[in-house]
Amino acid sequence: AQSVTQPDIHITVSEGASLELRCNYSYGATPYLFWYVQSPGQGLQLLLKYFSGDTLVQGIKGFEAEFKRSQSSFNLRKPSVHWSDAAEYFCAVGSTSGTYKYIFGTGTRLKVLA
Amino acid sequence: DAGVIQSPRHEVTEMGQEVTLRCKPISGHNSLFWYRQTMMRGLELLIYFNNNVPIDDSGMPEDRFSAKMPNASFSTLKIQPSEPRDSAVYFCASSVAGTGELFFGEGSRLTVL
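Residues numbered from 1 in each chain as written. Chains lettered and ligands numbered in written order. Predicted model: local features only at pLDDT ≥ 70, side-chain atom pairs only at ≥ 80, totals over all residues. Heavy atoms only, no water.

Our focus in this paragraph is the overall build of chain B. Scanning chain B for helices and strands turns up zero helices and eleven strands. For chain B, the succession of helices and strands along the chain, N to C, is β-β-β-β-β-β-β-β-β-β-β. For chain B, whose C-alpha radius of gyration is 13 Å, the value lies close to the compact-globule estimate of 13 Å for 113 residues. Projected onto its principal axes, the C-alpha coordinates of chain B cover approximately 40 × 25 × 25 Å. For chain B, the accessible area works out to roughly 5,500 Å², and carbon and sulfur atoms hold 50% of it. (Helix = DSSP H or I, 4+ residues; strand = E, 2+ residues; numbered from the N terminus. Rg over C-alpha atoms; globule rule 2.2 N^0.38 Å. Areas by Shrake-Rupley, 256 points an atom, 1.4 Å probe, with all protein chains shown as cover.)

All right, on to the pattern of salt bridges then. All names here are of chain B. Throughout the structure, instances matching the rule amount to 14 salt bridges over all chains. Across the pair Glu 62 and Arg 85 runs a salt bridge whose closest N-O atoms are separated by 3.2 Å. Separated by 23 residues along the polypeptide, Glu 62 in the loop between strand 6 (53–56) and strand 7 (65–71) and Arg 85 in the loop between strand 8 (74–79) and strand 9 (88–95) bring together distant segments of the chain. Exposure remark for Arg 85: the relative accessible area of 55% places this residue in the exposed category. (Salt bridge = Lys/Arg side-chain N within 4 Å of Asp/Glu carboxyl O. Buried < 20%, exposed > 50% of the residue type's maximum accessible area, 1.4 Å probe, protein only.)

All names here are of chain B. Strand order in the open sheet formed by four strands is 1-3-8-7, and the pairing between neighbours is antiparallel. Each having just a single partner strand, strand 1 (5–7) and strand 7 make up the two edges of the open sheet. Adjacent strand axes in the sheet meet at a mean angle of 15° when their direction is disregarded. As defined by bridge partners, strand 1 adjoins strand 3 (residues 19–24) across three bridges and the pair is classed as antiparallel. Among the inter-strand pairings, Ile 5 is bridged to a residue of strand 3, identified as Lys 24. (Pairing = 2+ DSSP bridges. Axes fitted to C-alpha atoms, helices over the stretch in contact; angles between N-to-C directions.)

What follows covers the pairing of strand 6 of chain B. Residue and element names in this part refer to chain B. Pairing geometry for strand 5 (residues 42–50) and strand 6, over three bridges, is antiparallel. What sits directly across from Tyr 48, in strand 6, is Asp 56. Joining the antiparallel neighbours strand 5 and strand 6 is a turn of two residues, in which Asn 51 adopts a positive phi near 50°.

The parts lose accessible area when they come together, and the size of an interface is often stated as this lost area. With 20 residues of chain B at the interface, the matching set in chain A holds 17 residues. Interface area, chain B with chain A, both sides summed: about 1,700 Å², of which 54% is carbon and sulfur. Per-residue buried area on chain B facing chain A is highest for B:Leu43, B:Gly100 and B:Phe104; these three make up 26% of the total on that side. At the junction of chain B and chain A, the tally comes to zero salt bridges. Scanning the region where chain B abuts chain A turns up three residue pairs in polar contact (both at pLDDT 80 or more). Looking at the side of chain B that touches chain A, the elements that each hand over two or more residues are strand 4 (31–38), strand 5 and strand 9 of chain B. Taken together, the residues of the side of chain B that touches chain A sort by class into nine nonpolar, seven polar and four charged. (Contact = heavy atoms within 4.5 Å. Buried area = accessible area lost by both parts, 1.4 Å probe. Polar contact = N/O pair within 3.5 Å; in protein donor to acceptor, adjacent residues only side chain to side chain. Nonpolar A, V, L, I, M, F, W, Y, C, P; charged D, E, K, R; others polar.)

So, about the nonpolar core. If you look at the biggest cluster of nonpolar residues, it comprises 26 residues, and the most contacted ones within it are A:Leu19, A:Trp35, A:Leu47, A:Leu48, A:Phe74, A:Leu76 and A:Tyr89. For this core, the element with the most residues is strand 10 (residues 87–94) of chain A, which contributes four residues. Not counting chain neighbours up to four residues away, the residues in contact with A:Leu76 comprise A:Leu19, A:Glu20, A:Leu21, A:Trp35, A:Leu47, A:Leu48, A:Phe63, A:Glu64, A:Ala65 and A:Tyr89. Within the second largest apolar cluster, 21 residues are counted, among which are B:Phe49, B:Met60, B:Ala67 and B:Met69. (Core = buried A, V, L, I, M, F, W, Y, C linked by side-chain atoms within 4.5 Å.)

So this is what it looks like as C-alpha cells:
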C-alpha cells in the first residue's frame with residue numbers, strides 16, 4: 001500500500017539558517033512526489049513536484065527537493081529560511097497508474113525564530 | 001482567475017443535524033477531491049471524482065457521509081446525521097487529471113456540538 005512518512009512533527013530553525021524536511025514513501029514503483037505548504041487558515045499550495053527526469057527539482061519560494069530512489073526519500077530543502085516560511089509542510093505521493101489518487105503525510109510544522 | 005471556492009467557511013451545528021458542504025472547482029479541471037483534516041488523523045482523502053464520476057470513495061468514513069458531483073462546476077459533501085467526531089476542516093481540491101497539481105480551496109471548518 002502507498003504511504004508517506006514525515007518523521008518530524010515540529011521543526012524550529014532560526015531565520016537565515018538552512019532547512020531540510022524529511023519525507024519517506026512506500027510505493028511499488030516510482031510515484032509522483034509532491035511538497036505542499038499550508039499557512040494557518042489556508043488551503044494547501046503546491047511548492048514543487050517530481051514526475052521523472054532530474055532528481056533535483058526546484059520549486060517556488062526558493063525551495064528544492066531531491067528524489068533518492070535508493071532511500072525512498074524526497075526531502076525538501078531551503079538554503080536560507082525566512083520568517084514567512086513558518087507554516088506546515090506536507091509531502092504527498094500520487095499514483096502513476098492513472099487513478100490520480102494522492103496520499104499525504106502527516107505534515108511538519110515549521111517555526112522560524114527571528 | 002478564481003480558485004476553488006468552498007462554502008460555508010465555518011459551520012457550527014448540533015449533533016444529529018444535516019450538514020452540506022459545497023465546492024466549486026476551477027473551471028476546466030476534471031478531477032475533484034474531498035479531504036478531511038484533523039489534528040489526530042492529518043489529511044485524509046474521503047472521495048475523488050474524475051469527469052464528475054466517483055472513482056474512489058473508500059475513504060468515506062461511513063454511510064452518514066455522501067458526496068455528489070452533478071456537474072463539472074459543483075460538488076457537495078453531506079453528513080447526515082452529524083456527530084461531534086465529524087468536527088474537522090473539510091477541503092475540496094481540483095485538478096486537471098494527470099498534471100499532478102491539486103488546487104485547494106480554503107476549507108470549511110465544521111464544528112459539531
